[in-house]
Amino acid sequence: MYNLLSFVLKYRTTLLFVVLEGLSGFFIVNNNAYHQAVVVNSSNKMVASAMDFSNTASEYLNLQEANNQLAQENAQLRAVLSGQSSESLQDIFSPILEDSLALQALSQDSLFILPNPRSRTDSLRFQQYAFIPSKVVDNTVKNFKNHVTINKGRADGIEPNMGVISPNGVVGKVKDVSEHYALITSILHTNMNVSALVKRSNTLGSIEWDGTDPTQASLRYIPIHINIITGDTVVTSGYSGIYPPEVLIGTVREVRPEEDAAFYSIDVDLSNDFYQLSYVYVVKNKLKQEKDSLLHQTIVGE
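Values in this document were obtained by computation on a predicted structure and should not be read as measured data.

Criteria and cut-off values
- Per-chain numbering applies: the sequence of each chain, read as written, is numbered from 1 onward.
- Only residues with pLDDT of 70 or above have their local features reported here, since the model is predicted, and side-chain atom pairs are shown and tallied only from 80 upward, although totals for entire chains, interfaces and linings are computed over all residues.
- To obtain the side-chain values, all non-hydrogen atoms of the structure were used and water was disregarded.
- Here a helix means four or more residues in a row that DSSP labels H or I, a strand means two or more in a row labelled E, and each is numbered from the N terminus.
- For every residue, the accessible area obtained with a 1.4 Å probe (protein chains only) is divided by the maximum for its type, and the residue is called buried under 20%, exposed over 50%, and partly exposed between those limits.
- Any pair of residues with heavy atoms lying within 4.5 Å of one another is described as a contacting pair.
- Accessible areas in this description were obtained via Shrake-Rupley with a 1.4 Å probe; residue shielding takes into account the shown protein chains only.
- To qualify as a nonpolar core, a set must consist of buried Ala, Val, Leu, Ile, Met, Phe, Trp, Tyr and Cys residues joined through side-chain atoms within 4.5 Å.
- Between any two strands, pairing holds if DSSP finds at least two bridges.
- Between rings of Phe, Tyr and Trp, where Trp is taken as its six-membered ring, a pair exists when centres lie within 6.5 Å; planes separated by under 30 degrees are stacked, by over 60 edge-to-face, and by other angles tilted.
- Salt bridge, as applied in this entry: a Lys or Arg side-chain nitrogen positioned within 4 Å of an Asp or Glu carboxyl oxygen.
- Only the contacting stretch of a helix is used when fitting its axis, a line to C-alpha atoms as for every element, and angles between N-to-C directions run 0 to 180 degrees.
- Here pLDDT means the predictor's own confidence in every residue, given as a number from 0 to 100.

## Digging into the overall build of the chain
- Looking only at helices and strands, the chain features seven helices and 13 strands.
- Every one of the 302 residues in the chain was classed for burial, and the buried ones make up 35%.
- Sequence-distant contacts, at least 24 apart, represent 57% of the contacts inside the chain between residues at least 6 apart.
- Working note: accessible area of the chain is about 18,400 Å², and carbon and sulfur atoms make up 55% of it.

Right, dumping it as structure tokens:
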């Protein structure tokens, strides 16, 4: 104790200077949006680099599971190609493509476009969405406001407010971007909502997370006169322009009619397992700016 007091007294001027410098830095960052953004981007880059190395080692240990999945898919394709299966290639791939989930990258470093199986002549829709394959380098699931960090950024064409999906469904929306990394607001974020559609009844609602179970979310604003049942598929509506239509979000787990309420209380099992999120695809809607501009002109004109 005596040595500690002697040290403090001896270096009190230096220690006071360090404390005051720290407080000055804190107030500057806390009260200036530009400095705040610089600090956030710098810290994200440092954390992302560390997590990139950690995830590389973790993925190596999980190669067996990935190989098993690829082997099952290859076996199914071989059966179709050899005529040993009653399924056709159209039977296998059409439902996947229609739900916008066939996003296996032909090249992990390239930008690719998802074909539209419904109409080869609809060139506008065919080219509307492009997908940037990215690797998850950091991911949280236990907070009230969770985020995902990926190893692609501004240099790869990623911008804020772009949608992010995985082969299993919706992941979130891009919040901040640096040159080589992007921070994503996860669907497991209490301020996040996704425009959703109950596929069977074609009913519009909104997916929100209450901050409790990372495997479930709530489907809100579904009127009680609509027939909703357990197992109904919930997909993106496509109305926001952030996500393509009919990207899987989850399935209805439980429907509870609330007394004297206009809407159901609905629990949804999320299709994504956020504990095992490895690769995602950032959605680039080439027509979103045109759509938003038209909407803005209409609102201003009214």
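Next comes the rest of the account.
## Points about the nonpolar core
- Ranked by internal contacts, the top residues of the largest apolar core, which has 46 residues, are Ile-150, Val-174, Ile-187, Ile-207, Leu-219 and Ile-249.
- Ignoring sequence-local partners within four residues, the contact set of Leu-219 consists of Ala-196, Val-198, Gly-205, Ser-206, Ile-207, Val-234, Tyr-264, Ile-266 and Val-268.

## Let's talk about the pairing of strand β9 (residues 216-220)
- Most of β9 is tucked away: four of the five residues are buried.
- Across three bridges, the pairing between strand β8 (residues 203-208) and β9 is antiparallel. Of the residues in β9, the one forming a bridge with Ser-206 is Arg-220.

## Details of the packing of aromatic side chains
- Overall, the coordinates contain one aromatic pair when judged by the stated rule.
- With centroids separated by 5.9 Å and ring planes inclined at 90°, the aromatic side chains of Tyr-221 and Phe-263 adopt a geometry described as edge-to-face. Taken together, the residues Tyr-221 in the loop between β9 and β10 (233-236) and Phe-263 in the loop between β11 (248-257) and β12 (264-270) connect sequence positions 42 residues apart.
- Its relative accessible area of 37% is what places Phe-263 among the partly exposed residues.

## Details of the pattern of salt bridges
- Going through the model one piece at a time under the given rule, you end up with seven salt bridges.
- The residue Arg-154 makes a salt bridge to Glu-179 at a minimum N-O spacing of 3.4 Å. Highlighted residues: Arg-154 in the loop between β3 (145-150) and β4 (163-166) and Glu-179 in the loop between β5 (169-177) and β6 (182-189), separated in sequence by 25 residues.
- According to the relative accessible area criterion, Arg-154 is partly exposed, its value standing at 47%.
- Put simply, Glu-254 and Arg-256 hold a salt bridge, and the shortest N to O gap is 3.5 Å.
- Given the relative accessible area of 36%, Glu-254 is considered partly exposed.
- Salt bridges sharing common partners tie together Glu-254, Arg-256 and Asp-267.

## Thoughts on the sheet that holds strand β7 (residues 193-198)
- Ordered in space as β7-β8-β9-β12-β11-β10, the six strands form a closed barrel in which the pairing is antiparallel. Within the sheet, the average angular offset between the axes of one strand and its neighbour, ignoring direction, is 40°.
- Direction of pairing for β10 relative to β11: antiparallel, over a ladder of three bridges. Directly across from Val-234, in β11, lies its bridge partner Gly-250.

## As for the confidence of the model for the chain
- This prediction gives the chain a mean pLDDT of 79; 70% of its residues lie at or above 70.
- Here residues 82-86 scores under 50 on pLDDT; set against residues more than four positions off or in separate chains, the count is four contacts.
- When the criterion is pLDDT under 50, residues 92-126 qualifies, and its contacts beyond four places in sequence or with other chains add up to 74 contacts.

## Brief notes about the pairing of strand β2 (residues 129-139)
- Across the 11 residues that make up β2, a large majority, 10, are buried.
- Sheet analysis places β2 next to strand β13 (residues 279-285), joined by seven bridges and oriented antiparallel. Among the inter-strand pairings, Pro-133 is bridged to a residue of β13, identified as Tyr-281.
- Sheet analysis places β2 next to β3, joined by three bridges and oriented antiparallel. In the sheet register, Asn-139 faces β3, and the bridge partner there is Val-148.

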